[in-house]
Amino acid sequence: VYDPLGLIETRNMYRYECMEVKHGRAAMLGFLHIILIQAGARFPGYLSPTAGLKFADVPSGCFASLEALPTAGWLQIMLTTCMMETGYFIFEYQGYGALDKEPGDIGGEGWIRYDDASTKTFKLNVERQNGRAAMMGITGCLAHEILGVDALYPTGGFGGEAPPEIIDMYTSFANFPSFAAV
């Protein structure tokens, strides 16, 4: 590990490892969500029967899909997430603070991922790298939507149409002497 200032020895890195794995997994799910929503995949039926909101009615944009959910739905999601984070459900708490576990090693005693230590190390490193890539990917998708272009196809979409030009390349630099038409 490249640490020229020696800060790793002063902190509990186990917490940061757990958070990296957890956020990487969440980002992988979020990026998969964007791909599926942009492809038009929707669940059948109602997202909120009381509000009359069907899954098919939810827009495909990252921020627009967040804003389409009713407040009660967001409260349910947050309550379930908090209960899972604190270990309130039936299963044993396996998050940060369960020091007998490796970061990201969940599933209990009945599920052993890999018997070989070198294979397990390799697979967990691959998962971390995929999580880091997904965190960058989801950040890029959100930045594209903030800039007003499509999250997955910011250069014009799957159909190949060009995005609107920000700078007119033919007349923007016409007043500079080096760009004057000959």
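Relevant structure appears above.
Scoring rules and cut-offs
Residues numbered from 1 in each chain as written. Predicted model: local features only at pLDDT ≥ 70, side-chain atom pairs only at ≥ 80, totals over all residues. Heavy atoms only, no water. Core = buried A, V, L, I, M, F, W, Y, C linked by side-chain atoms within 4.5 Å. Buried < 20%, exposed > 50% of the residue type's maximum accessible area, 1.4 Å probe, protein only. Helix = DSSP H or I, 4+ residues; strand = E, 2+ residues; numbered from the N terminus. Contact = heavy atoms within 4.5 Å. Axes fitted to C-alpha atoms, helices over the stretch in contact; angles between N-to-C directions. Parallel < 35°, antiparallel > 145°, perpendicular 65-115°, else oblique. Left-handed = near helix turned anticlockwise from the far one by under 90°. Nonpolar A, V, L, I, M, F, W, Y, C, P; charged D, E, K, R; others polar.

Draft legend 1. Region of interest: the nonpolar core. Counting residues in each nonpolar core, the largest one holds seven residues, listed as Ala 27, Ile 34, Cys 62, Ala 134, Ile 138, Cys 141 and Ala 151. Among the secondary structure elements, those contributing two or more residues to this core are helix H1 (13-39) and helix H4 (117-146). It is H4 that provides the largest number of residues to this core, a total of three residues. Those residues in contact with Cys 141, other than ones at most four positions away along the chain, are Phe 31, Ile 34, Ala 151 and Leu 152.

Draft legend 2. Inspection of the packing of H1 against H4 at higher detail. At a minimum axis separation of 7 Å, H1 and H4 run at an interaxial angle of 55°. Regarding the angle of H1 to H4, the classification is oblique. When the axes of H1 and H4 are compared, the crossing they make is left-handed. Of H4, the residues touching H1 (which contributes Glu 17, Glu 20, Val 21, His 23, Gly 24, Arg 25, Ala 27, Met 28, Gly 30, Phe 31 and Ile 34) are Glu 127, Arg 128, Asn 130, Gly 131, Arg 132, Ala 134, Met 135, Gly 137, Ile 138 and Cys 141. Looking at the contact of H1 with H4 residue by residue, the classes come out as nine nonpolar, six polar and six charged.

Draft legend 3. Geometry of the side chain of Ser 48. Counting through the fold element by element, Ser 48 comes out in strand E1 (residues 46-48). When its relative accessible area of 10% is taken as the criterion, Ser 48 is described as buried. Leaving out residues up to four positions away in the same chain, Ser 48 has contacts with Leu 53 and Pro 70.

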